[in-house]
Amino acid sequence: VVPSGNFGNVLGGFYAKQMGVPIKKLLVASNENNILTEWINTGVYDIRDKELKLTKSPAMDILKSSNIERVIFSLFGAKRTKELLDDLNEKKIFEMSKDETAKLQEYFSAINSDDKYGSKIIKSFLDDGYLMDPHTATCIKAYDELREEKITTVIYSTAEWTKFSPTVLNALKQDDEKYADKEALEEISSKYKAVLPQSIKDLFTAKINHNQVIEKDNIEEEIVKFIREC
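**Student:** Looking at this model, I keep getting lost on the overall build of the protein chain. Mind explaining?
**Tutor:** Counting secondary structure elements, the protein chain contains 11 helices and five strands. Across the 230 residues of the protein chain, 40% fall into the buried class. Counted over contacts in the protein chain with a minimum sequence separation of 6, partners at least 24 positions apart contribute 64%. Total accessible area computed for the protein chain in this model is approximately 14,200 Å², and 50% of it derives from carbon and sulfur atoms. Side-chain charges of the protein chain comprise 33 positive and 39 negative groups, with the mean position of each set lying 3 Å from the other.

**Student:** Please explain helix H8 (residues 165–173) as it appears in this structure.
**Tutor:** Helical geometry note: an α-helix holds 3.6 residues per turn, so side chains three or four residues apart project in the same direction. Burial analysis of H8 places eight of its nine residues in the buried class, which makes it a mostly covered element. Residues of H8 that are buried include every one of Ser165, Pro166, Thr167, Val168, Leu169, Asn170, Ala171 and Leu172, and no others. Against helix H5 (115–126), helix H6 (134–137) and helix H9 (181–191) lie the buried residues of H8. Phi turns positive, to about 55°, at Gln174, one or two residues after H8.

**Student:** I keep staring at the packing of helix H3 (residues 68–91) against helix H4 (residues 98–107) and nothing clicks. Help me out?
**Tutor:** Pairs of packed helices are described in terms of their axes, by the angle between the two and the distance that separates them. Closest axis-to-axis distance for the H3/H4 pair is 9 Å, and the angle between their directions is 155°. Here H4 runs roughly antiparallel to H3, going by the angle between their axes. Between H3 and H4, the contacting residues are Val71, Leu75, Phe76 and Arg80 on the first element and Glu100, Lys103, Leu104 and Tyr107 on the second. Looking at the contact of H3 with H4 residue by residue, the classes come out as five nonpolar, no polar and three charged.

**Student:** Got a minute to help me understand the packing of helix H2 (residues 35–42) against H4 in this structure?
**Tutor:** The geometry of H2 relative to H4 is characterised by a closest axis approach of 7 Å and an angle of 115° between their N-to-C directions. Contacts from Trp39, Ile40, Asn41 and Thr42 in H2 reach Thr101, Leu104 and Gln105 in H4. Residues of the contact of H2 with H4, tallied by class, amount to three nonpolar, four polar and no charged.

**Student:** Explain the nonpolar core here, please?
**Tutor:** Taken as a class, soluble globular proteins show a tendency for nonpolar side chains to be buried jointly. Core analysis: the biggest nonpolar cluster contains 27 residues, and Phe7, Trp39, Tyr45, Phe94 and Phe108 have the highest contact counts within it. Those elements giving two or more residues to this core turn out to be helix H1 (8–18), strand S2 (26–30), H2, H3, H4 and strand S5 (108–112). The dominant element in this core, judged by the number of residues it contributes, is H3, at seven residues. Beyond its immediate stretch of four places on either side in the chain, Trp39 contacts Phe7, Val44, Tyr45, Ile68, Ile72, Phe94, Met96 and Leu104.

**Student:** It is not clear to me how the side chain of Asn31 should be interpreted in this structure. Could you clarify?
**Tutor:** For Asn31, the position within the fold is in the loop between S2 and H2. At 2.9 Å, the side chain of Asn31 and the side chain of Asp61 are in polar contact. Residues in contact with Asn31, not counting those within four places in the same chain, are Thr55, Ser57, Met60, Asp61, Asn112 and Ser113.

Conventions and cut-offs
- Residues numbered from 1 in each chain as written.
- Predicted model: local features only at pLDDT ≥ 70, side-chain atom pairs only at ≥ 80, totals over all residues.
- Heavy atoms only, no water.
- Helix = DSSP H or I, 4+ residues; strand = E, 2+ residues; numbered from the N terminus.
- Buried < 20%, exposed > 50% of the residue type's maximum accessible area, 1.4 Å probe, protein only.
- Contact = heavy atoms within 4.5 Å.
- Areas by Shrake-Rupley, 256 points an atom, 1.4 Å probe, with all protein chains shown as cover.
- Lys, Arg positive; Asp, Glu negative; His and termini not counted.
- Charge placed at Lys NZ, Arg CZ, Asp CG, Glu CD.
- Axes fitted to C-alpha atoms, helices over the stretch in contact; angles between N-to-C directions.
- Parallel < 35°, antiparallel > 145°, perpendicular 65-115°, else oblique.
- Nonpolar A, V, L, I, M, F, W, Y, C, P; charged D, E, K, R; others polar.
- Core = buried A, V, L, I, M, F, W, Y, C linked by side-chain atoms within 4.5 Å.
- Polar contact = N/O pair within 3.5 Å; in protein donor to acceptor, adjacent residues only side chain to side chain.

Written out as structure tokens, the structure is:
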């Protein structure tokens, strides 16, 4: 089970399966930007009327997943890949045939969830002693609803909870308050007995090496200046 936005980690699973790793099925978990769920379930990749939603699982906030091209190439070849991707680039939609969709579904099943679901999952799993990030939380729905057989299942946790500590604290307290990273890390660590990695602790006392802020319009000029000075 893999949380996915750009289809990168699950692509690795796809290649591993093709190489002989005994993976029965790859279960794809998406957030409210559910373009991958629609594609795998229908064979249609349609972003014409979609707007990107900013969610609590931001690494999955993607509408145009670049790695689907590699899956299509592997399954259907270069000519068909170009046809479909040209349609997507020019018309913002492509549609696979029924047979192609069935072939895709031999490898993948997909489902999506929202932030409210993820928040409940984070809290419920901490009650059992496991602290997860909001991306991993999306996988539980796929685990519960997509498994065709009750066999050993691996959930791919693509992020560590400390990276998204304000969101995790919101989930644990079931509120919508705005927390600073350090505040959230300290409260989770003290109240919920979570151990902070030393590398995270060191960040707050580390020397600041870069403190220059460059206006957007001046970026090109500053890059040229930096190159000349080197």
